[in-house]
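Reading the structure
Listed below, chain by chain, are the residues.
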Amino acid sequence: MKDQDVWKEGSLDPKDWSNFKELGQKMLHDLFEYVENVGDKRLWKPLDNKKLNQYQMSVPMDSQTLEQCYNDFYYDILEPNSPMNLHPGFWGWVMGCGNPIGVLAEMISAGLNSNVIGGHQISCKVEEQVLQWFKELFRFPSESSGIFTSGCSMANIIGLAVARNQAAGQMIKLLGIQNLPNKLVLYTSKERHSSIDKAVDLLGIGRKNLRIIPTDDQFKISIEALEEAIAEDLQNGLLPFCVVANVGTVNTGAVDDLEQISEICNKANLWLHVDGAFGALAALSDELKDRVRGLHLADSLAFDLHKWMYLPYGVGCVLVQNRQAHLEAFSSDGDYIVHKEAWFSDFGVELSRGFLALKVWMSLKAYGVRHFGQLIKKDVDHAAYLAKRVEINAHLELLAPVSLNIVCFRYAGKSLSDEKLNQLNKQIVMTLQLEGKVFPSETLINNRYAIRVAVTNYRSQTEHFDYLLERVTELGNRISK
Ligand SMILES: *Cc1c(COP(=O)(O)O)cnc(C)c1O
């Protein structure tokens, strides 16, 4: 079929909308069927080379029918796709499992194709509304500011940029950080996420001025060491300006003591930025919120919605207490005075932005916050269950305390050296990943190789954790023989 038969002349719209709508419905139907049965699929398998070669084709210069294109998509992409983080047995890294309402909302966002720069558009009002909800949930004042981002890396960059500019003063826009009389110093723990290092690079702070503070036996930042480091830098004429606290470290899910850190920050006039990528969401559960208390003490709070709020990628958020400081960091030379109300583009790096807030708005309304709180609690309960089963199993060893939803453990049945155990446990993880039924990832805890299970997956059932324990023990016994 020629393109002029399918598409309106000089247009991308179809000639026959009714046929197009029918096919659209079929696509949605097939997609939800895939999601519905995701637990029956093999979680992950390596892509075979024959298949990979098929993806190398020359640029499609001429049109094809949508049916043909969809068939190619279905058989070449959807069918061979590994469900990975959609699967109930997936606990690798920190990955969200999405949700079906989010899928529909994403589709509608794309259909409306709203550019959420700012101004009087429904899409902006929706984003403002959802930001307001998160301020309420995290006990931020309603006049504080915020913006949705592509993820928590970007949210961290924005928070730290505001912190830097506050400390440096307005001349920073003219002179950069080259001409500051004192070097800016940022503090965070050795358990921080790598996006903090990236932000330090991008903001020109320099890794030499990133103080990596040791942690205690709970993997929380050592308050004593933090205070000492700040005092020493002050004595040496440097300018301590910010502490990045972790609420849910990526390795073990540890939560820094926000109340104590906030006190230190207040005394020394430092900005408190909280990286709460997934951990902050524990505040949605009444039973868990005390474990992450003090979020409202943050000057800026970064968190993700595509991890522990189970929204489709990618959406994160940053809230900033001092709206004026936030605005000054990102509005380009008083543009915000021209349009009377500040625009979203005055609160972040990007100008053009998609309608990220719709999937958040729809999911929060349709499921309700209480339901999200219960799912988060279920994940935490599963982590606690796994940890308990590990502790009572003579072959297994827990390698870190479980603060929230992350369990780090290893097979340690025989009296083997750490080095041998590291190899053995790595082999266990690789085998499990290849088998495609459950999928932990890995990390090092005090130089010991850990099987790491991060539960941000409402589809997981207790039986999946039982299977993991059984299989780890079996594999460990067999390999150590
Ligand atoms: C995932 C994560 C980030 C980065 O978030 P992205 O959404 O992947 O950009 C930052 N901090 C922590 C603790 C994380 O787990």
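This one's a predicted model, so the numbers in the text were calculated from it and none came from an experiment. (Residues numbered from 1 in each chain as written. Predicted model: local features only at pLDDT ≥ 70, side-chain atom pairs only at ≥ 80, totals over all residues. Heavy atoms only, no water.)

**Examining the site of the ligand**
- Close to the ligand lie 13 residues, the nearest being S153, D275, D304, H306 and K307.
- Contacts to the ligand include S153, whose side-chain N or O atom sits 2.6 Å from an oxygen atom.
- The side chain of D304 places a nitrogen or oxygen atom 2.7 Å from an oxygen atom of the ligand.
- Within the complex, 85% of the 380 Å² of free accessible area of the ligand lies under protein. (Near = heavy atom within 4 Å. Polar contact = N/O pair within 3.5 Å; in protein donor to acceptor, adjacent residues only side chain to side chain. Areas by Shrake-Rupley, 256 points an atom, 1.4 Å probe, with all protein chains shown as cover.)

**Considering the pattern of salt bridges**
- Enumeration over the complete set of coordinates arrives at 23 salt bridges.
- R353 is paired through a salt bridge with E127; the nearest N and O atoms lie 2.8 Å apart. Placement of the pair is R353 in the loop between α13 (335-338) and α14 (357-367) and E127 in helix α6 (residues 122-137), with a sequence separation of 226 residues.
- Given the relative accessible area of 0%, E127 is considered buried.
- Ionic pairing is found between D466 and R389, a salt bridge with its closest N-O pair at 2.7 Å. Of the two residues, D466 sits in helix α17 (residues 462-480) while R389 sits in helix α15 (residues 369-391), which places them 77 residues apart along the sequence.
- What makes R389 partly exposed here is its relative accessible area of 31%.
- Here the residues in one salt-bridge network are R192, D197, D201 and R207, joined through shared partners. (Salt bridge = Lys/Arg side-chain N within 4 Å of Asp/Glu carboxyl O. Helix = DSSP H or I, 4+ residues; strand = E, 2+ residues; numbered from the N terminus. Buried < 20%, exposed > 50% of the residue type's maximum accessible area, 1.4 Å probe, protein only.)

**Some thoughts on the sheet that holds strand β6 (residues 300-304)**
- The seven strands are arranged β1-β7-β6-β5-β4-β2-β3 in an open sheet whose pairing can be described as mixed. Each edge of the open sheet carries a strand with a single partner, namely β1 (145-149) and β3 (210-213). Direction aside, neighbouring strands of the sheet carry axes that sit 20° apart on average.
- Here strand β2 (residues 184-189) runs beside strand β4 (residues 239-246); their pairing, made up of five bridges, is parallel. Bridge pairing in β4 links T188 to V244.
- Where α6 meets the sheet, it contacts β1, β6 and β7 (316-320), and its direction lies at approximately 110° from that of β1.
- Across the face of the sheet, helix α11 (residues 258-268) comes into contact with β4 and β5 (271-275) while running at roughly 155° to β5. (Pairing = 2+ DSSP bridges. Axes fitted to C-alpha atoms, helices over the stretch in contact; angles between N-to-C directions. Contact = heavy atoms within 4.5 Å.)

**Re the nonpolar core**
- F134, F138, F148, L295 and F303 are the most contacted members of the largest nonpolar core, which has 105 residues in total.
- Here this core takes nine residues from helix α7 (residues 152-168), the largest share from any one element.
- If near-sequence neighbours (up to four positions away) are discounted, F138 is found in contact with A280, L281, A283, L295, H296, L301, F303 and L319.
- Counting 23 residues, the second largest nonpolar core, distinct from the first, contains W91, V390, I428 and L475. (Core = buried A, V, L, I, M, F, W, Y, C linked by side-chain atoms within 4.5 Å.)

**Some details on the pairing of β1**
- Burial runs high along β1: five of the five residues are buried.
- Where β1 and β7 come together, five bridges link them in antiparallel fashion. Across the sheet, residue G146 finds its bridge partner in β7, namely L319.

**A short note on the environment of G204**
- As for its position among the elements, G204 is in the loop between α9 (194-202) and β3.
- Counting along the chain gives 191 residues from G204 to H395, while the straight-line C-alpha distance between them is 48 Å.

**Here's the deal with the sheet that holds strand β9 (residues 406-411)**
- Spatially, the four strands line up as an open sheet ordered β8-β9-β11-β10, and their pairing is antiparallel. Of all the strands in the sheet, just β8 (396-398) and β10 (441-445) have a single pairing partner and so form its edges. Each neighbouring strand pair of the sheet contributes to a mean axis angle of 40°, computed without reference to strand direction.
- In this sheet, β9 lies alongside β8 in antiparallel orientation, the contact comprising three bridges. Directly across from E397, in β9, lies its bridge partner R410.
- Seen against the sheet, helix α16 (residues 418-435) touches β9, β10 and β11 (448-454) and runs at an angle of roughly 30° to β11.

Keep in mind these values describe shape, not function.
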